[in-house]
Amino acid sequence: MLKAKDYKSDVKPIWCPGCGHYSVLNAITKAFSALEQAPESSVLVSGIGCSSRLPAYVNSYGFHGVHGRALPVAAGLKVARPELNVIALGGDGDGFSIGGNHFIHACRRNVNIVYVVMDNEVYGMTKGQASPTTPEHWDHSKLTPHGPEVRPFQPCAIALAAGASFIARGHSGDPNGLAKILYDAVQHPGFAFVQVLSQCVTFCPEQAQWKDIVHLEEVCTADPVAAANFLHGDDGFAKGVFYRNPRPVWPVTHEQQGSSDIRRGFAL
Amino acid sequence: MKTLTLAMTGSGGTGVVALGEMLLRSAARTGLFGILCKTFGPQIRGGESAAIIRFGPRPLASFGGEIDLLLVLDWTNFQRFADEIPLKPSTVVIGDTAAGARPASIPEGLSVASLDFTGLAQKMGSTHSNIALLGYVAAWLGCDSAQVAASVEQRLHKHSEDTIALAQQVALAGAELAGTTPIPIEPPMAEQYQGEERWLATGNQLAGLGALEAGVRFVAAYPITPASDALEWMAGKIESVGGHLMQAEDELAAVNMAIGAGYGGVPAMTATSGPGLALMSEAMGLAVASETPLVVLNVMRGGPSTGIPTKAEQSDFNLAVYGLHGDAPHVVMSALSVEDCHHVMAWATQVASERQTLVIVLSDQFLGQSIQVLAPLPTTGFKAALLSPEAEPPESSQMQGERYFRYLNTDSGVSPMAVPGQAGTAYTADGLEHSQAAIPSPKAADHELQLDKRERKLQSLADSDQWGLQSILPNARVLVLCWGSLYPIALEAQRLLQDQGVIVNVVGVRLLSPLPLEFIQQSMDAVDQVLVVEQNHLGQFARYLRSFGLSFVSYHRPGPRLFTPVEILQQVEGLNRA
Ligand SMILES: Cc1ncc(C[n+]2csc(CCOP(=O)(O)OP(=O)(O)O)c2C)c(N)n1
Ligand code: SF4
């Protein structure tokens, strides 16, 4: 059996010391070890951002694409090569801003992939602008000196409304708990969404407090109404699996229709 | 070759395009060849539409020019087609009695006969005057009632038996009318026909066929006119050969889905039109940088912006050739006729996979949506490899020490590509600049090496014998050089000129980038004068050729008016005078 460290590549991360993304990397390699995956059978697909650099640090296949488009690449890959374990990942800016439309449609399409969003409520790589999950009055960015003045995006509630069949939240301060969630997410048939509170020590040092306010909730339900009620009362710092309700995965297999003679229809 | 062009117009669901298609099919059953161009206004349903069909004894890949016979079910909005239905003094016009007031734009001298197709259909309890007209014209073309009945059945196969039977009766009544009130023109004649197999196909369908036959097994789709019907045709077929088609949420998703599949070793494509191609440009650069095979079929329409979605133009040349950010060498090809859509897509599929790159194929609304009668096309022999994780890992010489060099600097520029599932070669494909070992790197040396490599791997393509098609005649003094859908039109201009004793060569460039400069230079050197023709306002291809130091006379004009052979002929005559 391979150990978690066997799933690390020899590429050195570019992240700032103390960045939450290191713990997410650890959780992923732990989960891979627990899943007893052959390194070559997984593919990590990402967009652009600090978090999206992660695939190169894992001993597996990877695809580091363009900003916001990890989900379509991952879905196309999974549909074309269903035997692979495909995990899309990236940041909150990548996933909810530029990639917001893909997020919604990935939830409803239900291709069997896992999507991990390392949410630090900020654009790390472009040096600290507000992202869709930034608190309304966070005024540390030159681009929004009064704060974004917009209500933050609610990733888990939106995932539920859009039809995701697995919804969970983890915290980078708890890589073991996160590894367990990722293990479950990989096992889940269909689109599994995992929001990870992953601190940006450089642009949001206040996120160091997260470790004191996150709280474990044993609320996993298959009832969308119960899940909605929970998520509407959520303070954003609950962690655990909130919703799990498998439904048919895309592509649906149909009985073979028509002939494989694709030229037939052209004859007079 | 004697050919005949007829146009049919109508409004509000009179069914002229359906009529055109049934007529083409019936005539093909007698051995006639033909091509049908559909033209629509911007409305979704109803509104005006027109079909132009040209018939002749041999395969026809272009619309001729002036209209010999105009058939009118309804005059409403006829003037909207004034540009596309050029009448001449001898045009015969036959209208339905119920067609309404004849517009002032119909020249005074033209005789317009009125026949009661609506009444004929109504008498039999049908509202389908178009079917009565079908029977009438088909009889004049020499189709027997069984051929027409078969075409009606094929078109109406989703309707009840009663509906089909009634339509067939209405067609028969139309044919009887042809006996008493014939059309006063000599119909085109088929050459000896022994019932050889014939196809009826659009360029979009043939593009889909070429791609599937060459191995495409993943298609990502986002609807846009006039590319949608290529995707719709493939959707019905790809599953039966073991592939998948995904409808994406937008073009950004579509192209990235295709990239995901291509990275997985499954030959993949998407199809779009101008606005969609613009949205795809960022991800197309990703395919170039990450060396992922990708085919994008772009069926051009009038632009810029949403422009004229239902009609043809060749104005996406610049976007296709220059539209990527950074230095992003990629392949651009053009389809040189309806049937070449098949050939070029198959070639593109193979090139994308063997060179691990982006190939953009330019077609246009005319090629994509025209229906042509043609002899069955042979398969092309082009094939993209479906990469398998069971394959042998890249040779040890391509592994540097323990590490797999995905982006190894080889002589050919093509590096060994492993696919997920292969042990020992795990790597991260990257749009970020990277080292040969696929590790992100901002170093100048890595950047230069990878830029060189990506360009080098395409260069030898310019020597490919697939670079273009040409029709070379002894003693020609003039070359007509073109690309895309203008090739068959230029060929016809060549024949018209030959009849007048003017000998010209015609070259159609299939490979637009990298430019097959030597072949083009050779064909230019063989003549005294060169005319470059294209259907866009800026002369985009001409500007491109000039950037290679070539000189010639450029003739360009925008769509959507269909290009005609006579137009090219006149330009050649102008050259001779100058
Ligand atoms: C099309 C495009 N627009 C903008 C950018 C610039 N950009 C790079 S990373 C990034 C934001 C990343 O933030 P997030 O996804 O939250 O990830 P983090 O860096 O915080 O982990 C942006 C806007 C880009 N690369 N591409
Ligand atoms: S900027 Fe923030 S998100 Fe990026 S590496 Fe540094 S700490 Fe991590």
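Rules used in this analysis
Each chain carries its own residue numbering, running from 1 in the written order of its sequence. Note on labels: chains are lettered from A, ligands numbered from 1, in written order. Totals for whole chains, interfaces and linings use every residue, but because this is a predicted model, local features are given only for residues with pLDDT of at least 70 and side-chain atom pairs only at 80 or more, for both listing and counting. Based on all heavy atoms of the structure, the side-chain values leave hydrogens and waters out of the count. Secondary structure follows DSSP: runs of H or I at least 4 residues long count as helices, runs of E at least 2 residues long count as strands, and numbering of each begins at the N terminus. A simple rule labels every residue: compare its accessible area, found with a 1.4 Å probe on the protein chains alone, to the largest value its type can have, and call it buried under 20%, exposed over 50%, or partly exposed in between. Working convention for charge: Lys and Arg count positive, Asp and Glu count negative, and His plus the chain ends are omitted. Working definition for charges: the position is that of NZ of Lys, CZ of Arg, CG of Asp or CD of Glu. A molecule or strand has a residue near it when one of that residue's heavy atoms lies within 4 Å. Polar contacts, as counted here, are pairs of nitrogen or oxygen atoms within 3.5 Å of one another; within protein the pair requires one atom able to donate a hydrogen and one able to accept it, and residues that are adjacent in sequence qualify only if both atoms are side-chain atoms. The Shrake-Rupley method, run with a 1.4 Å probe, gives the accessible areas here. Residue values count only the displayed protein chains as cover. Only Asp, Glu, Lys and Arg are considered charged in this grouping, and only Ala, Val, Leu, Ile, Met, Phe, Trp, Tyr, Cys and Pro are considered nonpolar; every other residue, Gly among them, is considered polar. Two strands qualify as a pair provided DSSP detects at least 2 bridges between them. To obtain an axis, a line is fitted to C-alpha atoms, over the contacting stretch when the element is a helix, and the angle between two such axes runs from 0 to 180 degrees between their N-to-C directions.

Asker: Hey, could you go over the overall build of chain A for me, with residue numbers and the actual values?
Answerer: The helix and strand inventory of chain A stands at eight helices and ten strands. Taken along its principal axes, the extent of the C-alpha atoms in chain A is 70 × 40 × 35 Å. For chain A, with 268 residues in total, the buried portion stands at 57%. Treating the 22 positive side-chain charges of chain A as one cloud and the 23 negative ones as another, the clouds have centres 7 Å apart.

Asker: I'd like a rundown of the site of ligand 1, residues and numbers included.
Answerer: Near ligand 1 there are 18 residues, and of these A:Cys50, A:Ser51, A:Gly93, A:Asp94 and A:Gly124 occur at the shortest range. What surrounds ligand 1 is not a single chain but chains A and B. With respect to ligand 1, the backbone of A:Cys50 contributes an N or O atom lying 2.8 Å from an oxygen atom. The separation between an oxygen atom of ligand 1 and a polar side-chain atom of A:Ser51 is 2.8 Å. Burial of ligand 1 by the protein amounts to 77% of the accessible area it has alone, namely 590 Å². Residue assignment for the shell around ligand 1 shows that the elements contributing at least two residues are helix 3 (92–98) and strand 5 (122–123) of chain A. Looking at the shell around ligand 1, the element that brings in the most residues is helix 3 of chain A, giving four residues. For the shell around ligand 1, a count of residues per class yields six nonpolar, nine polar and three charged.

Asker: Lay out the sheet that holds strand 14 (residues 371–374) of chain B with the relevant residues and their values.
Answerer: All names here are of chain B. Pairing is mixed across the open sheet formed by eight strands, whose spatial order is 6-5-4-1-3-2-14-7. Of all strands in the sheet, those bounded by a partner on one side alone are strand 6 (112–115) and strand 7 (199–202). Averaged over all neighbouring strand pairs, the angle between strand axes comes to 20°, with direction disregarded. Taken together, the four bridges between strand 7 and strand 14 define a ladder with antiparallel strand orientation. From the neighbouring strand, tryptophan 199 faces strand 14, where its bridge partner is leucine 374.

Bear in mind that shape data such as this cannot, by itself, settle questions of function.
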